[in-house]
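Here are the chains, one letter per residue:
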Amino acid sequence: MRLSLSVTGSALAIMTVLGATSPFVTAPEASAQASLHGHRHHGSQAAPPAAGTDQDAPAAVQGAESGKSKVVYGETQDTIIAVINGTPLTRRDVDNRGRLFALSTGLPVSEDLMNRLRPQIVRQLIDERLRTQEILDRHIIVTSEQIASAIAGIEKRNGMPEHALRDRLEKDGVSLTTLIDQIRVQIGWTQVLRQEMGSRARMTSEDIAERTEALRKQEGRPEYLISEIFVPVEDPRHTETELKFTETIIQQLRSGAPFPIVAAQFSQAQSALDGGSMGWVQEDSLDPQVVAMIRQMPEGAISNPIRVAGGYVIATIEGKRVIGHQPGTLLDVRQAFIPFTEKLNPQAPTDQQRRALQQAVQISQSVHACDDLAAMNKKLGEVRPSNPGELQLERLNPQMRQVLSELPIGKTTRPLVSEDGIDLLMICSKQTKNFADQTPSEIADQLLNERVEQTARQLDRDLHRRAVIEMRSKT
């Protein structure tokens, strides 16, 4: 089992059952989760205390140091790998981050995998140490409430009871501190960039009008819904380590590791906060080497390593369209979800799962309005959001597209069974839309993302240039 550990963004995951002889027997195509989502919205720390440390931390954060490593790879866990402006980075820090990656992607922890990941994890944690020190220098406070809220979001997305994540991490030999530190840096760094950008973070009507006119002139040219993982290169003359790491990550992605989680863990681009998503971008906004690669790629493919200025890019294409032309159907949907108390074994459903199915059938027959379905979902604990956001019919997986394309407005679907529970969906409204038309707010978001990325890379370079980094041990 993998955990969705991304701090920002969420997706409604539904596994449908089509053509099954028993309501608890899933068809082969239902073995993978289908994400229903609308348009893109927007390391371990030693001695000094982390930004925003609170003596009265919520229960989800307190006691984080109690998690102990269960597996030792190579040198002792207390070996100091590097000292960054006086702050040590230990082997334990590195291996904990590696295990967190393995847990979140569902990959098995092995010494071989750790050896391949370790050099880049060290670099990433060094960057996080520098970012943390910058957060502290700017007196930015990341509160324990913010961290607890992020952890609660992770638990909710995974259908876990409150405070269950600590137990799960401890079982897998990962200290909760490892996750807390990563969340703290992500939240704090976003505030640093907001300060750094100042007035440049506000898009003027002139900025939006200029980009709108540029898009009008590009009408008929391709644009791509693209996600990226950026791996920086420290020394352009010697890229062997970074290339090896990039190839390892590509291998894991092609073996089924979720792209957004890998991006959140390892990408050094600011888009990592959004699971690597760059949104819809035009060719003029991409490196020529990236353009040459993605033109050849089918949707869903993982690219080979793409050498660009400053490092390597791994790209995946989630959609292609022609600027100015993309008709489609936009759905406003509500859902109710009945969770199972344990994972479903289709051959031996529990009494609770049978009762859940009976309840789902009753709801599907008695509920005839979106507000009523949303109210029912709240009564069920709202394990999944009542409103998953507007959905583009054409971008759903084939099974879900078939279910919703034939569903009348105001009528619930039949019970949709997954290993975690049963979903019921209802379409509240649908409209035909040209999805290539970007709203002013979407254009403003794209412009802001570009400026944030430029600011982040420049500030990272400045922090490295001013830093005193002493490497103590080979990785």
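Residues numbered from 1 in each chain as written. Predicted model: local features only at pLDDT ≥ 70, side-chain atom pairs only at ≥ 80, totals over all residues. Heavy atoms only, no water.

By the naming in an unreviewed UniProt entry, the protein chain is Parvulin-like PPIase, taken from Acetobacter sacchari.

Visitor: Which residues make up the overall build of the protein chain, and what are the values?
Guide: Across its full length, the protein chain holds 13 helices and 13 strands. Residues counted as buried form 52% of the 475 residues belonging to the protein chain. (Helix = DSSP H or I, 4+ residues; strand = E, 2+ residues; numbered from the N terminus. Buried < 20%, exposed > 50% of the residue type's maximum accessible area, 1.4 Å probe, protein only.)

Visitor: Any details on helix α2 (residues 111-137)? Residues and values, ideally.
Guide: Here α2 contains 27 residues, and its C-alpha end-to-end distance of 37 Å stays within 8% of the 39 Å for a straight helix at 1.5 Å per residue. The sharpest bend along α2 reaches about 45 degrees and sits at Arg118, with the proline Pro119 one to four residues further on. Counting buried residues along α2, 21 of its 27 residues qualify, which places the element largely inside the surrounding structure. Residue His139 follows α2 closely and has a positive phi angle near 60 degrees. (Expected span 1.5 Å × (residues − 1). Bend = angle between axes of the 7 residues up to and from the residue.)

Visitor: Can you tell me about the packing of helix α6 (residues 205-217) against helix α13 (residues 440-466), naming the residues and giving the values?
Guide: Here α6 crosses α13 at 100 degrees, and the two axes come no closer than 10 Å. In terms of axis orientation, α6 runs roughly perpendicular to α13. Across the interface between the two elements, Asp207, Ile208, Arg211, Thr212 and Leu215 of α6 pack against Pro440, Ile443, Ala444, Gln446, Leu447, Glu450 and Arg451 of α13. (Axes fitted to C-alpha atoms, helices over the stretch in contact; angles between N-to-C directions. Parallel < 35°, antiparallel > 145°, perpendicular 65-115°, else oblique. Contact = heavy atoms within 4.5 Å.)

Visitor: Residue-level account of the confidence of the model for the protein chain, with values.
Guide: Taken as a whole, the protein chain shows an average pLDDT of 79; of its residues, 81% reach a score of 70 or greater. By mean pLDDT, the top-scoring element of the protein chain is strand β7 (residues 306-308) (95), and the lowest-scoring one is strand β1 (residues 12-14) (24). Here residues 5-74 scores under 50 on pLDDT; set against residues more than four positions off or in separate chains, the count is 185 contacts. (pLDDT = per-residue confidence, 0-100.)

Visitor: Outline the sheet that holds strand β3 (residues 80-84), supporting the account with residue identities and numerical values.
Guide: Taken together, 3 strands build an open sheet; the order of strands is β4-β3-β13 and the sheet is antiparallel. Each of the sheet's edge strands pairs with one partner strand only, and the pair in question is β4 (87-90) and β13 (469-471). The average angle at which neighbouring strand axes cross in this sheet is 20 degrees, direction not considered. Bridge count for β3 against β4 is 4 bridges, and the pairing is antiparallel. Note on β4: the bridge partner recorded for Ile84 is Thr87. (Pairing = 2+ DSSP bridges.)

Visitor: Tell me what's going on with the sheet that holds β7, and back it up with residues and numbers.
Guide: Spatially, the 4 strands line up as an open sheet ordered β6-β5-β8-β7, and their pairing is antiparallel. Strands with a single pairing partner mark the edges of an open sheet, and in this sheet they are β6 (277-282) and β7. Adjacent strand axes in the sheet meet at a mean angle of 45 degrees when their direction is disregarded. Alignment of strand β5 (residues 222-232) against strand β8 (residues 311-322), held across 11 bridges, turns out to be antiparallel. Bridge pairing links Tyr224 to Lys320 in β8.

Visitor: Give a description of helix α8 (residues 259-266) that names residues and reports values.
Guide: Burial within α8 is extensive, with 7 of its 8 residues counted as buried. Of all the positions in α8, only Phe259, Ile261, Val262, Ala263, Ala264, Gln265 and Phe266 are classed as buried. In this structure, the buried residues of α8 make contact with α1 (91-105), α2, α5 (176-197), β5, α7 (240-254) and β8.

Visitor: Lay out the packing of α5 against α13 in plain terms, naming residues and giving numbers.
Guide: Following both chains from N to C, one finds α5 and α13 inclined at 100 degrees, their axes separated by 10 Å at the closest point. By the angle between their directions, the pair α5 and α13 is classed as roughly perpendicular. Along the contact surface, α5 presents Trp189, Val192, Leu193, Glu196 and Met197, while α13 presents Leu448, Arg451, Val452, Thr455, Ala456, Leu459, Asp460 and Leu463.

Visitor: Give a detailed account of the state of the cysteines, specifying residues and quantitative values.
Guide: In this structure the tally under the stated criterion is 1 disulfide. There is a disulfide in this structure between Cys370 and Cys428, and the S-S distance comes to 2.0 Å. Between Cys370 and Cys428, the disulfide has an S-S torsion of -115 degrees and is therefore left-handed. Residue Cys370 is located in helix α11 (residues 370-379), and its partner Cys428 is located in strand β12 (residues 421-434); the two are separated by 58 residues in the primary sequence. (Disulfide = S-S within 2.5 Å.)

Visitor: How would you sum up the environment of Ala467? Please name residues and give values.
Guide: With respect to the helices and strands, the residue Ala467 is situated in the loop between α13 and β13. On the basis of relative accessible area, Ala467 is assigned to the buried category, the value being 17%. A C-alpha to C-alpha distance of 7.7 Å links Ala467 and Leu130, two positions 337 residues apart in sequence. Setting aside residues no more than four positions away along its own chain, Ala467 makes contact with Asn85 and Leu130.

Visitor: Lay out unusual backbone geometry in plain terms, naming residues and giving numbers.
Guide: The backbone phi angle of Asn85 is positive, close to 50 degrees, even though this residue is not glycine. Following the sequence through the fold, Asn85 ends up in the loop between β3 and β4. Given the relative accessible area of 36%, Asn85 is considered partly exposed. A positive phi is found at His139, a non-glycine position, where the angle reads about 60 degrees. Classification of His139 by relative accessible area gives exposed; the value is 69%.

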